[in-house]
Amino acid sequence: MLSSTDFTSASWELVVRVDHPNEEQQKDVTLRVSGDLHVGGVMLKLVEQINISQDWSDFALWWEQKHCWLLKTHWTLDKYGVQADAKLLFTPQHKMLRLRLPNLKMVRLRVSFSAVVFKAVSDICKTLNIRRSEELSLLKPSGDYFKKKKKKDKNNKEPIIEDVLNLESSPTASGSSDFFSTVSPGLYSKTMTPIYDPINGTPASSTMTWFSDSPLTEQNCSILAFSQPPQSPEALADMYQPRSLVDKAKLNAGWLDSSRSLMEQGIQEDEQLLLRFKYYSFFDLNPKYDAVRINQLYEQARWAILLEEIDCTEEEMLIFAALQYHISKLSLSAETQDFTSESEVDEIEAALSNLEVTLEGGKADSLLEDITDIPKLADNLKLFRPKKLLLKAFKQYWFVFKDTSIAYFKNKELEQGEPVEKLNLRGCEVVPDVNVAGRKFGIKLLIPVADGMNEMYLRCDHENQYAQWMAACMLASKGKTMADSSYQPEVLNILSFLRMKNRNSASHVASSLENMDMNPECFVSPRCAKKHKSKQLAARILEAHQNVAQMPLVEAKLRFIQAWQSLPEFGLTYYLVRFKGSKKDDILGVSYNRLIKIDAATGIPVTTWRFTNIKQWNVNWETRQVVIEFDQNVFTAFTCLSADCKIVHEYIGGYIFLSTRSKDQNETLDEDLFHKLTGGQD
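Residues numbered from 1 in each chain as written. Predicted model: local features only at pLDDT ≥ 70, side-chain atom pairs only at ≥ 80, totals over all residues. Heavy atoms only, no water.

Moving on: the overall build of the chain. For the chain, the helix and strand inventory stands at 20 helices and 24 strands. The buried share of the chain, reckoned over its 682 residues, is 53%. Excluding contacts between residues fewer than 6 apart, the proportion of contacts in the chain whose partners are at least 24 apart in sequence is 64%. (Helix = DSSP H or I, 4+ residues; strand = E, 2+ residues; numbered from the N terminus. Buried < 20%, exposed > 50% of the residue type's maximum accessible area, 1.4 Å probe, protein only. Contact = heavy atoms within 4.5 Å.)

The subject of this paragraph is helix 17 (residues 534-545). Compared with an ideal rise of 1.5 Å per residue, which puts 12 residues at 16 Å, helix 17 spans 16 Å between its outermost C-alpha atoms and is within 8% of the ideal. Among the residues making up helix 17, those that are buried are Leu537, Ala538, Arg540, Ile541, Leu542, Glu543, Ala544 and His545. (Expected span 1.5 Å × (residues − 1).)

It is worth spelling out the confidence of the model for the chain at this point. The predicted coordinates ought not to be read in detail in places where the model reports low pLDDT. Across the chain, the average pLDDT comes to 81, with 78% of residues at 70 or higher. Predicted confidence is poor over residues 149-160, with pLDDT under 50, and the contacts of this stretch with residues over four places away or in other chains come to 3 contacts. Low confidence marks residues 335-345, where pLDDT is under 50. Its contacts with residues over four positions away, or in another chain, come to 6 contacts. (pLDDT = per-residue confidence, 0-100.)

Further remarks concern the packing of helix 10 (residues 291-306) against helix 18 (residues 553-565). Where helix 10 contacts helix 18, the axes come no closer than 9 Å and their chain directions differ by 45°. In terms of their interaxial angle, helix 10 and helix 18 are classed as oblique. The way helix 10 lies across helix 18 gives a crossing that is left-handed. For the pair formed by helix 10 and helix 18, the contact residues are Ile294, Asn295, Leu297, Tyr298, Ala301, Arg302, Ala304 and Ile305 on the first element and Val554, Lys557, Leu558, Phe560, Ile561 and Trp564 on the second. (Axes fitted to C-alpha atoms, helices over the stretch in contact; angles between N-to-C directions. Parallel < 35°, antiparallel > 145°, perpendicular 65-115°, else oblique. Left-handed = near helix turned anticlockwise from the far one by under 90°.)

Here we take up the state of the cysteines. Applying the stated criterion across every chain, the model contains 0 disulfides. Free cysteine Cys312: the closest other cysteine sulfur is in Cys528, separated by 8.0 Å. Its sulfur unpaired, Cys473 is 6.7 Å from the next cysteine sulfur, which belongs to Cys428. When its relative accessible area of 0% is taken as the criterion, Cys473 is described as buried. (Disulfide = S-S within 2.5 Å.)

Within this structure, the stated rule accounts for 36 salt bridges. We note a salt bridge from Lys248 to Glu569, for which the minimum N-O separation is 3.4 Å. A residue pair is termed long-range when its members are at least 10 positions apart, and Lys248 in helix 9 (residues 245-251) and Glu569 in the loop between helix 18 and strand 18 (573-579) qualify at 321 residues. In this pair, the class of Lys248 matches that of Glu569, namely buried. Across the pair Arg559 and Glu555 runs a salt bridge, and its minimum N-O distance is 3.8 Å. Note that Arg559 and Glu555 are positioned in helix 18 at a spacing of 4 residues, about one turn of the helix. Comparing Arg559 with Glu555, the two get one shared label, buried. (Salt bridge = Lys/Arg side-chain N within 4 Å of Asp/Glu carboxyl O.)

This brings us to the pairing of strand 9 (residues 164-167). Of the two faces of strand 9, only one is covered, namely that formed by Leu165 and Leu167; the face formed by Val164 and Asn166 stays uncovered. Here 4 bridges tie strand 7 (residues 106-112) to strand 9, and the two strands are oriented parallel to one another. Considered in strand 9, the bridge of Val107 is made with Leu165. (Pairing = 2+ DSSP bridges.)

Moving on: the sheet that holds strand 2 (residues 27-34). Strands sit in the order 2-1-5-3-4 across an open sheet of 5 strands; the sheet is mixed. Lying at the two open borders of the sheet, with one neighbouring strand each, are strand 2 and strand 4 (68-70). For this sheet, the mean inter-axis angle between neighbouring strands, taken without regard to orientation, is 35°. As paired elements, strand 1 (residues 11-18) and strand 2 share 8 bridges and run antiparallel to each other. For Glu13, the partnering residue across the bridge sits in strand 2 and is Arg32. Running over the sheet, helix 2 (residues 39-50) touches strand 1, strand 2, strand 3 (59-63), strand 4 and strand 5 (88-92) and is turned about 130° from strand 2.

Let us now look at the sheet that holds strand 8 (residues 136-139). Spatially, 8-10-6-7-9 is the arrangement adopted by the 5 strands of the open sheet, whose pairing is mixed. The sheet terminates laterally at strand 8 and strand 9, the two strands that pair on one side only. Averaged over all pairs of adjacent strands, the angle between strand axes in this sheet comes to 40°, irrespective of strand direction. Note: strand 6 (residues 94-100) against strand 7, 7 bridges, orientation antiparallel. Residue pairing across strands places Lys95 opposite Val111, the latter belonging to strand 7. Contacts from helix 4 (residues 117-128) reach strand 6, strand 7, strand 8, strand 9 and strand 10 (272-277), with the element oriented near 110° to strand 8.

All right, on to the nonpolar core then. Leu128, Leu138, Leu262, Trp564, Tyr575, Leu588 and Ile628 are the most contacted members of the largest nonpolar core, which has 113 residues in total. In terms of residue count, the dominant contributor to this core is helix 11 (residues 314-333) (10 residues). Leaving out residues up to four positions away in the same chain, Ile628 has contacts with Leu595, Ile614, Gln616, Trp617, Val634, Phe635, Thr636, Phe638 and Ile652. Counting 36 residues, the second-largest nonpolar core is a separate cluster that includes Tyr397, Ile443, Met456 and Leu458. (Core = buried A, V, L, I, M, F, W, Y, C linked by side-chain atoms within 4.5 Å.)

Moving on, we come to the packing of aromatic side chains. Two numbers describe a pair of aromatic rings. These are the distance of the centres and the angle of the planes. Tallying each qualifying case throughout the model produces 32 aromatic pairs. On the numbers, 5.4 Å between centres and 65° between planes, the contact of Trp62 with Trp69 is edge-to-face. Measuring from ring centre to ring centre gives 5.6 Å for Phe384 and Phe394, while their planes differ by 50°; the resulting arrangement is tilted. Of this pair, Phe384 sits in strand 11 (residues 376-384) while Phe394 sits in the loop between strand 11 and strand 12 (395-402), and the two are 10 residues apart along the sequence. Given the relative accessible area of 25%, Phe394 is considered partly exposed. A network of ring pairs unites the aromatic residues Phe277, Tyr280, Phe282, Trp564 and Phe570 as a single cluster. (Phe/Tyr/Trp six-rings, centres within 6.5 Å; stacked < 30°, edge-to-face > 60°.)

Attention now moves to the packing of helix 13 (residues 463-477) against helix 14 (residues 487-501). Direction vectors running N to C along helix 13 and helix 14 enclose 130°, while the axes themselves pass 9 Å from each other. Compared by their axis directions, helix 13 and helix 14 come out oblique. Where helix 13 crosses over helix 14, the handedness of that crossing is right-handed. Contacts between helix 13 and helix 14 involve Glu463, Asn464, Tyr466, Ala467, Gln468, Met470, Ala471, Ala472, Met474 and Leu475 on the former and, on the latter, Tyr487, Glu490, Val491, Ile494, Leu495 and Leu498. Counted by class, the contact of helix 13 with helix 14 contains 12 nonpolar, 2 polar and 2 charged residues. (Nonpolar A, V, L, I, M, F, W, Y, C, P; charged D, E, K, R; others polar.)

Mapped onto the elements of the fold, Lys95 is located in strand 6. With 18 residues separating them along the chain, Lys95 and Phe113 place their C-alpha atoms 6.6 Å apart. Discounting chain neighbours no more than four positions away, the residues touching Lys95 are Asp19, Leu109, Arg110, Val111, Phe113, Met263 and Glu269. A distance of 2.6 Å separates the side chain of Lys95 from the side chain of Thr91, its partner in a polar contact. Polar contacts involving the side chain of Lys95 include one to the main-chain carbonyl oxygen of Pro92, which spans 3.2 Å. (Polar contact = N/O pair within 3.5 Å; in protein donor to acceptor, adjacent residues only side chain to side chain.)

Most of strand 18 sits out of view: 6 of its 7 residues are buried. Examined bridge by bridge, strand 18 and strand 19 (residues 586-590) share 5 bridges and lie antiparallel to one another. Paired with Leu576 across the bridge in strand 19 is Ile587. Between the end of strand 18 and the start of strand 19, which pair antiparallel, lie 6 residues, with Gly581 showing a positive phi angle near 90°. Two elements, strand 18 and strand 24 (residues 634-640), share 3 bridges in a ladder whose sense is antiparallel. Looking at the pairing, Val577 lines up with Cys640 of strand 24.

In structure tokens, the structure reads:
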């Protein structure tokens, strides 16, 4: 038998600070516990001693010194290593968070601070009615993001009151069923019943399957699914714009670790974070279910263009401006427009279906892959191979494209003999070199070789030839042939984009009244706006608008996203790194299928590594170095200078995880596989 003295010596006092939701001050509660008491027992004692009747089910213990949650309630204090000096906080797991969406709208909602970020983002996206949450993540904005805004606020005597979409009663928070009796049911459907009009993106209430999974009312959904009015040129000029690759690298330093919780990463209650598409691999984009997702994706693309986070030519900038202007006009009148003609709907749905194939990378039908006769292209093209001290002179050759290789001969008659050169384009960089107005249709190829990149330029004679060869090169770079089902849609989409660029000077430009309702500086980057007078810019945007004026709203957004995807820099996320053995800093570009080493001074790609050639990758946590092993015993290692090495490691693993998705799978994701690929452990 233990005496009372023995019992006292085996137990000890534990001080727990209680985070009362209805009181400003936190209160300390002292408990007498022993090391073999499990965490659940500690919380039970705590609630009994507090003696306040309320729902404590969302509360858990947070260990401040160790920076971790004590969520395994069956574990004892000894197993966790909790002793008398431990500072524990008894606090709700769900707290308020302010999220800046891609359309710059601020949303305030209750989020789990104890779940890993991957799960928290999944719950947030479910609340906001955004499918494929694995493509998004949370970004902690850098000081540069607020720098110009703060400068402007000092000059403003009156504070700006922002309109915040408050979704405080989010069901992802507490799971309380009382909420649903007082608010309209949400718009998130787990069935394949269409929940949006595929033409104008409005909620399709007639075919709606109402689920109580989201606090979004129809009005709130419209705020997220429709484009916001354009920002004024002054507001645009006050936003942070990266000027170099190093500046762009800084923007990507704040991605949160998907394998840790918000609390573990020092995020405070009611802090502002950015919700963004992190991975540029957009799967199963469908207008019938994805009005919010498509709009937010369009908005992220729009701001990337306006703030010059991605480079484009002036000609392309005008196309983006025309589409923005068109979308802005349609968004204002979307609720009053009437698209009732069934044949019209069928035609538009068919067009959107074709567009979906392109946006997904053409995963529609693989029957053509099985044919034995691989198509080939053969035609006269002009070739230029850059060499030092030589002028840019193109020379004509007979080119033959078959499988994933391109060969060229001095003339057509020599095709059956040995080619001048034969190059495999698998893993190469394909960059458009086009000026439609100047009738220039070029393709720049950067082909990986042992000591860097082999550069060559092809010049086509006309649009059709360019579209065929460009599509073939793009597929070959991904290891696909022209037998792939995505080849023909890719050719058609390239042609479609070229026609959008084609300025038709003969067409009637809108009347002066239409000129007056446009502020052209809202639709182009500030640098582009400075080059032109306002009337001249408006005329050029309206001229480009003639090519897209008949597009319905959702198709125009999808076209904008597609045009964004066609830019050479699309999908590249930059980091400043130092490669092992190097004496200078380089830029590492991470894309959905490859890594690119880029010269920080010139911006020219040096080497490309495809994900398909990666055998393994890990992080040396002592040296903070990412080590990657490729086929044929090729190794590379680098330390990350602009961000934590875990962020870059997670990017690589995340893209490889996304490549495993299939339409045959159900909606549930293999979260364990994601953490295995992104965790950074062997």
